[in-house]
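Inside the fold
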Amino acid sequence: VTGASNSIDLRRNLFTNNTTGLSVNGRASVSVEYNTFVNNATGLLASDPGSWILAMHNIVTNAAIGAQATSNGDIFSNYNLYFNTTDFDGVTSGDDDLTGQNPLFAGGEHPYRLSESSPAVDAASFDAPVPNGGGTVADLGYSELLAAPITLLLGQEDLSTVMGNSGVASVE
């Protein structure tokens, strides 16, 4: 993001396998919330005077440098999880940032979604909105760990609820 672009909001995105996950310069400003940055050489980079990133509720992992501010750029970080070779370069960790903790992704078909044992589960700020189906507190990263759907059968119990079948040729 460059060219004095401002008031840019990036939410619920996955940034993978880049030289830089997000680069902000040229007096640009960006708010990044609920994103996951994985396998980028640098996760977040702010450079040049007047350029800044407000980072909250993100996961930045498997990078050489998690968050880097150079040439008078700024990164304001809080409620993020960092698990990198070097988490901060020219950036001060926020009071509620988690560092040195593996995000414990679930793997499988969607490899960067959270597992139930992830430290990013329910780790957002208490006043952050929780997506439908989420827990009591929002999760960090692009994908909220959702509860399994519950089937409710409402109404009076009757034989029709006990004897239901699929694929029957006729019903008496």
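Residue positions are counted from 1 within each chain, in the order its sequence is given. This being a predicted model, a pLDDT of at least 70 is required before a residue's local features are given, and a value of 80 or more before pairs of side-chain atoms are given or counted; all residues contribute to the totals for chains, interfaces and linings. Hydrogens are left out, water is left out, and the side-chain values use all remaining heavy atoms of the structure.

**Notes on the overall build of the chain**
- Across its full length, the chain carries 1 helix and 13 strands.
- Numbering of helices and strands starts at the N terminus; helices are DSSP runs of H or I of at least 4 residues and strands are runs of E of at least 2. Counting helices and strands in the order they occur from the N terminus, the chain gives β-β-β-β-β-β-β-β-β-β-β-β-β-α.
- Residue burial in the chain is summarised as follows: out of 172 residues, 38% are buried.
- Whether two residues are in contact is decided by their heavy atoms: any pair within 4.5 Å suffices. Long-range contacts, defined here as pairs at least 24 residues apart, represent 30% of the contacts in the chain between residues at least 6 apart.
- Surface accessibility of the chain: about 9,700 Å² in total, with carbon and sulfur atoms responsible for 50%. Summary of the burial criterion: residues with accessible area below 20% of their type's maximum are buried, those above 50% are exposed, and those between are partly exposed, where the area comes from a 1.4 Å probe applied to protein chains only. For accessible areas, the Shrake-Rupley method is used with a probe of radius 1.4 Å. Any residue's cover is judged against the shown protein chains and nothing else.

**Concerning the side chain of Ser125**
- Summarising the element assignment, Ser125 is placed in the loop between β13 (98–99) and α1 (159–162).
- Ser125 sits in the buried class, given a relative accessible area of 6%.
- Any pair of nitrogen or oxygen atoms within 3.5 Å is treated as a polar contact; in protein, a donor-acceptor pairing is required on top of that, and neighbouring residues in sequence qualify only through side-chain atoms on both sides. At a separation of 3.0 Å, a polar atom in the side chain of Ser125 contacts the side chain of Asp127.

**Section: the side chain of Asn84**
- For Asn84, the location among the structural elements is in the loop between β11 (81–83) and β12 (86–89).
- With relative accessibility at 15%, the residue Asn84 sits in the buried group.
- Engagement of the side chain of Asn84 in a polar contact is seen with the backbone nitrogen of Asn62, the distance being 3.3 Å.
- The contacts of Asn84, once residues within four sequence positions are left out, are Val60, Thr61, Asn62, Ala63 and Gly66.

**Concerning the packing of aromatic side chains**
- Only Phe, Tyr and Trp rings take part, Trp by its six-membered ring, and two of them pair if their centres are within 6.5 Å. Stacked means planes under 30 degrees apart, edge-to-face means over 60, and tilted covers everything else. Overall, the coordinates contain 4 aromatic pairs when judged by the stated rule.
- When the ring of Phe105 is compared with that of Tyr112, the centres are 5.5 Å apart and the planes differ by 80°; the resulting orientation is edge-to-face.
- Sitting over the face of the ring of Tyr34, Arg12 holds its NZ or CZ atom 4.2 Å from the ring centroid. By definition, being over a ring means that NZ of Lys or CZ of Arg is both within 6 Å of the ring centre and within 35 degrees of the ring normal.

**Digging into the sheet that holds strand β10 (residues 74–78)**
- Two strands form a pair only when DSSP identifies at least two bridges running between them. If you trace the 4 strands from one edge of the open sheet to the other, you get β1-β4-β7-β10, paired in parallel fashion. Looking at the sheet topology across the chains shown, the edges are occupied by β1 (8–11) and β10. Averaged over all neighbouring strand pairs, the angle between strand axes comes to 15°, with direction disregarded.
- The pairing of strand β7 (residues 52–56) with β10 spans 5 bridges and is classified as parallel. Bridge pairing in β10 places Met56 opposite Asn78. For helices, the fitted line uses only the C-alpha atoms of the stretch in contact; every axis is such a line through C-alpha atoms, and the angle between N-to-C directions lies from 0 to 180 degrees.

**Thoughts on the sheet that holds strand β8 (residues 59–61)**
- Strand order in this open sheet of 5 strands is β2-β5-β8-β11-β13, and the pairing throughout is parallel. Bordering the open sheet on either side are β2 (14–16) and β13, each of which pairs with just one other strand.
- Where β2 lies against strand β5 (residues 36–38), 3 bridges are found, and the strand directions are parallel. Paired with Phe15 across the bridge in β5 is Phe37.

**Some points on the nonpolar core**
- Of all hydrophobic cores here, the largest spans 18 residues; its most connected members are Leu22, Val32, Leu44, Ile53 and Ile75.
- Those elements that place two or more of their residues in this core are β3 (20–24), β4 (29–33), β6 (42–47), β7 and β9 (65–70).
- Ranked by size, the runner-up nonpolar core spans 10 residues in total, among them Tyr34, Ala123, Ala128 and Leu140. To qualify as a nonpolar core, a set must consist of buried Ala, Val, Leu, Ile, Met, Phe, Trp, Tyr and Cys residues joined through side-chain atoms within 4.5 Å.

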